[in-house]
There are 2 protein chains.
Amino acid sequence: MSLTRKQEIIITASRLFKERGYNAISMRDLAAEMGIKAASLYNHISSKQEILGLIILKVSEEFTQHINTIYLDELSSIKKLEAIIQNHIEITLKYTHHLACMNNDWIHLEDEYKQRYLNLRNEYESKFRQILQQGKDEGELKDIDLEIVVFSVLTTLRTLHIWYAKKTSIQVATLQQDLPKTLLYGIVKS
Amino acid sequence: MSLTRKQEIIITASRLFKERGYNAISMRDLAAEMGIKAASLYNHISSKQEILGLIILKVSEEFTQHINTIYLDELSSIKKLEAIIQNHIEITLKYTHHLACMNNDWIHLEDEYKQRYLNLRNEYESKFRQILQQGKDEGELKDIDLEIVVFSVLTTLRTLHIWYAKKTSIQVATLQQDLPKTLLYGIVKS
DNA sequence: CCTACCGATCGGTAGG
DNA sequence: CCTACCGATCGGTAGG
């Protein structure tokens, strides 16, 4: 499975954007990293903005697609939340740089790219909120302010890539086991 | 209590950096926002980098100072954690823009500024970790992987400003009550 | 894929 | 606080 030149550009860019930020990376930096000249990049992509758009929409679509599937499943809300957490861990492992880039640089998306990203994100948050509401309705979840839970869980999941980059000896298996515990059941002994 | 011109520059800059990012804001943008010319800024500050440094070190120092006090208090680990959460809420309300700027743009700090910031952050995380360890030793906290808890709680606290910017009708009182519940006791009914 | 180049904008300085 | 200006760098194009 060989990569097209365009795919190579996107992968290289996602790594550089993650390390130093979209605005801090010039087309000359990106070209140098690939061993070519800046002008040559434009044979494969149409603008710097397109690169950012493709990186961010790629993962955004994966996330939204996954939660739409989970959302329709015949599962308890807790099982759904566990599946969502596992999915975030998987995507973090598979698309670490894309994810970091999405979190840090989505603000620099323009026009249609930004609109499409925000639509996907809103759709994701909406489904997530509804799953939590289901949990409250069915009596599985505590009566805590919904927005606070949405915020606190999603923030942690979205920034998993920061933890992953540190590689402080934690195993993925540990994360898969203890992250759902932490987020769902808390850290205080009952 | 009137502000010096330098303080005005820093406050205005923190708002602009929060909205569009350090690299996306030019000295001309900042000057225009203050109704003066870019060259005039240099009568009050020595460089763009100095502005970023002052913004970030200000809040970093407040955080570290607070946890150092808490750390030495004669309190249970749970009470310490509650105090830390309350402090994050307070600083978020007081320094929303500084905090957002710290989270998004610390990567663009250079040399000594970056080093001082990283030292403060490491000191903070270290104290936070020790408080959690105290909780495990005294049997108040569950036996969950320590790094996962450090990561998940601190990530949520650090990005509170995102929630606050949304202003989705949540009252501060609700946040002060339900955020500690969510982070410490989880969301699943026992 | 390259060389050569464009207009625009950047952080910052000189000098008043 | 300003005008005037510096060298450097930016995203992108023309033409091969």
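Values in this document were obtained by computation on a predicted structure and should not be read as measured data.

Novice: Which residues make up the protein's contact with DNA strand C, and what values do they have?
Specialist: Neighbouring DNA strand C are 15 residues, the closest being Arg 5, Lys 37, Ser 40 and Asn 43 of chain A together with Met 27 of chain B. Here a base nitrogen of DNA strand C sits 2.9 Å away from a polar atom, N or O, in the side chain of Asn 43 of chain A. A distance of 2.9 Å is found between a phosphate oxygen of DNA strand C and a backbone nitrogen or oxygen belonging to Lys 48 of chain B. At the level of elements, helix 3 (38-41) of chain A together with helix 2 (27-34) of chain B are the ones that each hand at least two residues to the surface near DNA strand C.

Novice: Could you give me a rundown of the relation of the copies chain A and chain B, with the residues and numbers involved?
Specialist: If you rotate chain A by 180° and push it 0.0 Å along the axis, it lands on chain B with an RMSD of 0.0 Å. The two molecules are tied by a two-fold rotation axis, judged by turn and shift. By C-alpha distance to the rotation axis, the residue of chain A lying nearest is Gly 186 of chain A, at 1.8 Å. Of the residues that chain A buries at the interface, 100% are likewise interface residues in chain B, meaning the two copies contact each other through the same surface.

Novice: Tell me what's going on with the packing of aromatic side chains, and back it up with residues and numbers.
Specialist: With the rule as written, the count across this model stands at eight aromatic pairs over all chains. Plain terms: the ring middles of Phe 17 of chain A and Tyr 22 of chain A are 5.2 Å apart, the flat faces sit at 75° to each other, and that makes the pair edge-to-face. Taken individually, Phe 17 of chain A and Tyr 22 of chain A each receive the classification buried, so the pair is uniform in this respect. An angle of 35° between the planes, with centres 5.4 Å apart, marks the rings of Trp 106 of chain B and Tyr 117 of chain B as tilted. With Trp 106 of chain B in the loop between helix 6 (96-105) and helix 7 (111-137) and Tyr 117 of chain B in helix 7, the pair connects residues that are eleven residues apart, well separated along the chain.

Novice: Summarise the protein's contact with DNA strand D; cite the residues concerned and give the values.
Specialist: If you check the shell around DNA strand D, you find 15 residues, and the closest are Arg 28 of chain A together with Arg 5, Lys 37, Ser 40 and Asn 43 of chain B. The contact atoms of DNA strand D, taken as those within 4 Å of the protein, divide so that sugar and phosphate hold 59%. At a separation of 2.9 Å, a phosphate oxygen of DNA strand D approaches a polar side-chain atom of Tyr 42 of chain A. Of the residues in the surface near DNA strand D, the class split is six nonpolar, four polar and five charged.

Novice: Account for helix 6 of chain B, naming residues and giving values.
Specialist: All names here are of chain B. Where burial is concerned, most of helix 6 is hidden: seven out of the ten residues are buried. For helix 6, the full list of buried residues reads Thr 96, His 98, Leu 99, Ala 100, Cys 101, Met 102 and Asp 105. Tucked into the core, helix 6 has its buried residues touching helix 1 (5-20), helix 4 (48-72), helix 5 (77-94), helix 7, helix 8 (146-158) and helix 9 (160-166).

Novice: Go over the pattern of salt bridges, please, and point to the residues and values.
Specialist: Inspection of the entire model under this criterion finds 18 salt bridges over all chains. With a closest N to O distance of 2.8 Å, Glu 8 of chain A and Arg 5 of chain A form a salt bridge. One end of the pair, Glu 8 of chain A, and the other, Arg 5 of chain A, are both in helix 1 (residues 5-20), three residues apart, so they sit about a helical turn from each other. Residue classification places Arg 5 of chain A among the partly exposed residues on the basis of a relative accessible area of 31%. Here Lys 79 of chain B and Glu 82 of chain B are joined by a salt bridge, their closest N and O atoms 3.8 Å apart. Here Lys 79 of chain B pairs with Glu 82 of chain B, and both are found in helix 5, just three residues apart, close to one helical turn.

Novice: Can you break down the environment of Asp 178 of chain B residue by residue, with the values?
Specialist: Within the secondary structure, Asp 178 of chain B is located in helix 10 (residues 172-185). Judged by relative accessible area, Asp 178 of chain B falls into the buried class, the value being 7%. Sequence separation between Asp 178 of chain B and Thr 156 of chain B is 22 residues; the distance between their C-alpha atoms is 13 Å. Not counting chain neighbours up to four residues away, the residues in contact with Asp 178 of chain B comprise Ile 144, Asp 145 and Ile 148 of chain A. Among the polar contacts made by the side chain of Asp 178 of chain B, one reaches the main-chain amide nitrogen of Asp 145 of chain A at a distance of 2.8 Å.

Novice: Go over the UniProt feature "DNA-binding region" (unreviewed entry) in chain A, please, and point to the residues and values.
Specialist: Taking the numbering used here, the UniProt-annotated feature "DNA-binding region" (unreviewed entry) corresponds to residues 26-45 of chain A. Annotated as 60% helix and 0% strand, the span residues 26-45 of chain A places its first and last C-alpha atoms 14 Å apart.

Novice: Requested: an account of the interface of chain A and chain B, with residues and values cited.
Specialist: Facing the 41 residues of chain A at the interface are 41 residues of chain B. Carbon and sulfur atoms supply 67% of the area that chain A and chain B bury against each other, a total of about 3800 Å² over both sides. Summed over the shared surface of chain A and chain B, the result is zero salt bridges. Applying the counting rule to chain A against chain B returns 19 residue pairs in polar contact (both at pLDDT 80 or more). Of all the secondary structure elements, the ones that give two or more residues to the side of chain A that touches chain B are helix 1, helix 5 (77-94), helix 7 (111-137), helix 8 (146-158), helix 9 (160-166) and helix 10 (172-185) of chain A. Per element, the largest residue contribution to the side of chain A that touches chain B is nine residues, and it comes from helix 10 of chain A. A class-by-class count of the residues in the side of chain A that touches chain B yields 20 nonpolar, ten polar and eleven charged.

What counts and how
- Residues numbered from 1 in each chain as written.
- Chains lettered and ligands numbered in written order.
- Predicted model: local features only at pLDDT ≥ 70, side-chain atom pairs only at ≥ 80, totals over all residues.
- Heavy atoms only, no water.
- Near = heavy atom within 4 Å.
- Polar contact = N/O pair within 3.5 Å; in protein donor to acceptor, adjacent residues only side chain to side chain.
- Helix = DSSP H or I, 4+ residues; strand = E, 2+ residues; numbered from the N terminus.
- Least-squares fit on C-alpha atoms with pLDDT ≥ 70 in both.
- Contact = heavy atoms within 4.5 Å.
- Phe/Tyr/Trp six-rings, centres within 6.5 Å; stacked < 30°, edge-to-face > 60°.
- Buried < 20%, exposed > 50% of the residue type's maximum accessible area, 1.4 Å probe, protein only.
- Nonpolar A, V, L, I, M, F, W, Y, C, P; charged D, E, K, R; others polar.
- Salt bridge = Lys/Arg side-chain N within 4 Å of Asp/Glu carboxyl O.
- UniProt positions renumbered as here; feature names shortened; annotations may be inferred.
- Buried area = accessible area lost by both parts, 1.4 Å probe.

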